[in-house]
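Structural features, examined
Here is what each chain is made of, one letter per residue.
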Amino acid sequence: MAQPHPMRAHRRILIASLIGTSVEFYDFYIYATAATLVFGSLFFPLESTSAQLMASYLSIGLAFIARPLGAVVFGHFGDRLGRKSTLVASLMLMGGSTLLIAFLPTYAQVGWVAPLLLCTLRFAQGLGLGGEWGGAALLAVENAPPGWRGRFGMVPQLGAPVGFIAANGLFLLLGLTLSEADFLAWGWRLPFLFSVALVGLGLWVRVKLTETAAFAQALAHEAPPSVPIAELAGSHLRATLAGTFGVVACFALYYIATTFVLGYGTNTLGYARGAFLQTQLIAILFMAAGIALAGWLSDRSTPARVLAGGCIGVVVAGGLLGPMVGAGSLFVIGAWLSFALLMMGFVYGPLGAWLPALFPARVRYTGASMGFNVGGVIGGGLTPSIAQALSIDYGLWSVGVVLAGAGVASLIGLALAPRERCVFTRRDRSGR
């Protein structure tokens, strides 16, 4: 009797991992887009548009501070109690925080309380995201049959372009149908309200899942670690450092190519918001293609080799940023965005397979989450604010240098990775 295709046999698992990360990144991206377009004037009424934008970008960074804490908290329960319940809790926290942003008063209504509430909910978003990605990646790769780890691992990564297209597509639609006054008054709240439907869909899929075989086998072999983060620091520090630096390029490239370039294009270069969002939406398709291709190549080669090739591409994108983004042509900017986000696919797509493989099953949730989220702090937390400041003082070439440096940092992380754990061995699958 013919065996079902691996993707079909694990359809519910893969859909659950994809929907969860799509919701997660949708929530994260609508904040980043709103922070670029409206939060500066509504919540941070400073003396200049540039100062408002920098303050708004700093609020983005609050989530990156919270993400490692979320990785510790959700990783603790994910490695002790299981992947399923932890994933449900992280999605509820992320979605609930996003929904509440839709009801926030502005600075004009309640003064300093408005940015305080906004920053508090942004911090809560970061806590939820800190536990979301690691669990979704494990849900996919710990259920992957032999030879399919790269392709299974890239499925939750596709949540990034799906979430981005949903977020920016909705903002684009609102911009085309609402006046500027209506958009600033209430239209920007609609994407945050819409997140409740996506979260409900994600929860409906996830509550029907069972635990992964790798976690069940690890639990059967020995008791779970009392404090996973302590075991991680004591026995897997090199792997954690490698994972942390390995993801820096991914975050730096994404937030420069989307958040910073969107703000620079609309505020400094004066392009219409709708035209620029359309350009980004086309470019993000290259990211989706890059993720899918990287997953396939990871199974033909190794995730580490594909990731290394992507890091070299990030260095090239850094060198091209200044002359292409500053060329004065939206077509040329779109070409740079397309190339940069294609390279984003190659530094992001393999992470779902590469990061979990650095750790044994008993601390895999904590290890993968910590590497991903601490790397996110380094690569993405303050990157839009730093890029904005550098572009004002030194020009776009300096932003390109930062991006190229991030690519080199991730290459260093790859070199640090313990070679003996760069694949899921039979011993790793049993959690020993």
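Per-chain numbering applies: the sequence of each chain, read as written, is numbered from 1 onward. Only residues with pLDDT of at least 70 are given local features in this predicted model, and only at 80 or more are side-chain atom pairs given and counted; all residues enter the totals for whole chains, interfaces and linings. Only hydrogens and water are set aside when side-chain values are computed; all heavy atoms of the structure are taken into account.

1. Section: the overall build of the protein chain
Basically, it comes down to this: Every helix listed is a DSSP run of H or I at least four residues long, and every strand listed is a run of E at least two residues long, numbered separately from the N terminus. When we talk radius of gyration, it's over C-alpha atoms, and the globule rule is simply 2.2 Å times the number of residues to the 0.38. For each residue, the accessible area found with a 1.4 Å probe, counting protein chains only, is set against the maximum for its type, and the residue is called buried under 20%, exposed over 50%, and partly exposed in between. Two residues form a contact once any of their heavy atoms are found within 4.5 Å. Throughout, the Shrake-Rupley method with a 1.4 Å probe supplies accessible areas, and for residues the shown protein chains are the sole cover considered.
Looking only at helices and strands, the protein chain features 22 helices and 0 strands. Relative to the globule expectation of 22 Å for 432 residues, the C-alpha radius of gyration of the protein chain, 21 Å, shows essentially globular dimensions. In terms of its C-alpha atoms, the protein chain occupies a principal-axis envelope of roughly 60 × 45 × 40 Å. Counting the 432 residues in the protein chain, one finds 60% classified as buried. The long-range share in the protein chain, meaning contacts at least 24 apart out of those at least 6 apart in sequence, stands at 87%. Accessible surface computed for the protein chain: about 15,700 Å², of which carbon and sulfur atoms make up 70%.

2. Considerations on the side chain of Ser90
Turning to its location among the elements, Ser90 is positioned in helix α4 (residues 83-101). With a relative accessible area of 0%, Ser90 lands in the buried category. Other than its neighbours up to four places away in sequence, Ser90 contacts Phe74, Gly128, Gly131 and Glu132.

3. Looking at the layout of surface pockets
This is how the line gets drawn: Grid spacing is 1 Å over the protein atoms alone, the probe is 1.4 Å, and a cavity is where that probe fits but cannot get out, while a pocket is an open set with protein on both sides within 12 Å along at least five of seven lines and lining residues have an atom within 4 Å of a point. Grid points are joined across faces, edges and corners, and a volume is the space filled by probe spheres set on the points. Each residue is assigned to one class: nonpolar for Ala, Val, Leu, Ile, Met, Phe, Trp, Tyr, Cys and Pro, charged for Asp, Glu, Lys and Arg, and polar for all the others, Gly among them.
Computed from the structure, the largest pocket encloses a volume of approximately 260 Å³. Broken down by element, the lining of the largest pocket gets its largest block of residues, 7 residues, from helix α2 (residues 11-43). Class assignment of the residues belonging to the lining of the largest pocket gives a composition of 7 nonpolar, 7 polar and 2 charged.

4. Let's talk about the packing of helix α3 (residues 49-80) against helix α20 (residues 383-393)
For any two helices packed against each other, one specifies the inter-axial angle together with the distance between the axes. The criterion, for reference: Only C-alpha atoms enter the line fits that serve as axes; for helices the fit covers just the stretch in contact. Angles between N-to-C directions range over 0 to 180 degrees. Should an angle fall under 35 degrees it is taken as roughly parallel, and over 145 as roughly antiparallel, whereas 65 to 115 is taken as roughly perpendicular and any remaining angle as oblique.
For the pair α3 and α20, the least separation of the axes is 8 Å and the interaxial angle reads 155°. Comparing the axis directions of α3 and α20 gives the class roughly antiparallel. Touching Ser50, Leu53, Met54, Tyr57 and Leu58 of α3 are Pro384, Ser385, Gln388, Ala389 and Ile392, all from α20.

5. Regarding the pattern of salt bridges
The criterion, for reference: The term salt bridge refers to a pairing of a side-chain nitrogen on Lys or Arg with a carboxyl oxygen on Asp or Glu at a separation within 4 Å.
For the coordinates displayed, the defined rule picks out 3 salt bridges. Taking the shortest distance from any N to any O, the salt bridge between Asp299 and Arg151 comes out at 2.7 Å. With Asp299 in helix α15 (residues 273-300) and Arg151 in helix α7 (residues 149-157), this pair connects stretches of sequence that are 148 residues apart. Assigned by exposure class, Asp299 and Arg151 land together as buried. Between Arg362 and Glu231 there is a salt bridge, and its shortest N-O distance comes to 2.7 Å. On the criterion of sequence distance, the pair formed by Arg362 in the loop between α18 (351-354) and α19 (364-381) and Glu231 in helix α12 (residues 228-235) is long-range, its members being 131 residues apart. Among the residues examined, Arg362 registers a relative accessible area of 15% and is labelled buried.

6. Considering the confidence of the model for the protein chain
Operational definition: Confidence of the predictor in every single residue is expressed as pLDDT, which spans 0 to 100.
The pLDDT averaged across the protein chain works out to 86; a share of 94% of its residues lies at or above 70. Low confidence marks residues 425-432, where pLDDT is under 50. Its contacts with residues over four positions away, or in another chain, come to 19 contacts.

7. What to know about the nonpolar core
Cut-off, in case you're wondering: Among the buried residues, those of types Ala, Val, Leu, Ile, Met, Phe, Trp, Tyr and Cys that are joined through side-chain atoms within 4.5 Å form a nonpolar core.
Formed by 112 residues in total, the largest nonpolar core has its most connected members in Phe39, Trp336 and Tyr348. It is α2 that provides the largest number of residues to this core, a total of 15 residues. Excluding anything up to four places from it in sequence, Trp336 contacts Ile256, Ala257, Val261, Ala317, Leu320, Leu321, Met324, Val325 and Leu403. Ile19, Val141, Val199 and Leu209 belong to the second-largest nonpolar core, a separate cluster that totals 13 residues.

8. With respect to the packing of aromatic side chains
To keep things clear, this is the line we draw: To pair, rings of Phe, Tyr and Trp, with the six-membered ring standing in for Trp, must have centres within 6.5 Å; the planes then decide the type, stacked if under 30 degrees apart, edge-to-face if over 60, and tilted in the middle.
If you walk through the whole model with that rule in mind, you get 19 aromatic pairs. Summarising the aromatic geometry, the rings of Phe43 and Trp188 are spaced 6.1 Å apart at their centres and angled 85° between planes, so their arrangement reads as edge-to-face. Note that Phe43 is positioned in helix α2 and Trp188 in the loop between α9 (180-185) and α10 (190-206), a separation of 145 residues in sequence. Where Phe164 meets Tyr254, the ring centres are 6.1 Å apart and the plane angle is 90°; that geometry is what we call edge-to-face. Taken together, the residues span a long stretch of sequence, with Phe164 in helix α8 (residues 159-177) and Tyr254 in helix α14 (residues 248-268) at a distance of 90 residues.

9. Focus on helix α21 (residues 396-416)
Here is the rule we go by: Take the number of residues in a helix, subtract one, and multiply by 1.5 Å to get its expected span.
Along its 21 residues, α21 runs 31 Å from first to last C-alpha, staying within 8% of the 30 Å computed at 1.5 Å per residue. Residues Leu396, Ser398, Val399, Gly400, Leu403, Ala404, Ala406, Gly407, Ala409, Ser410, Gly413 and Leu414 constitute the buried set of α21. Where α21 is buried, its residues touch α13 (237-246), α14, α16 (303-325), α17 (330-348), α18 and α20.

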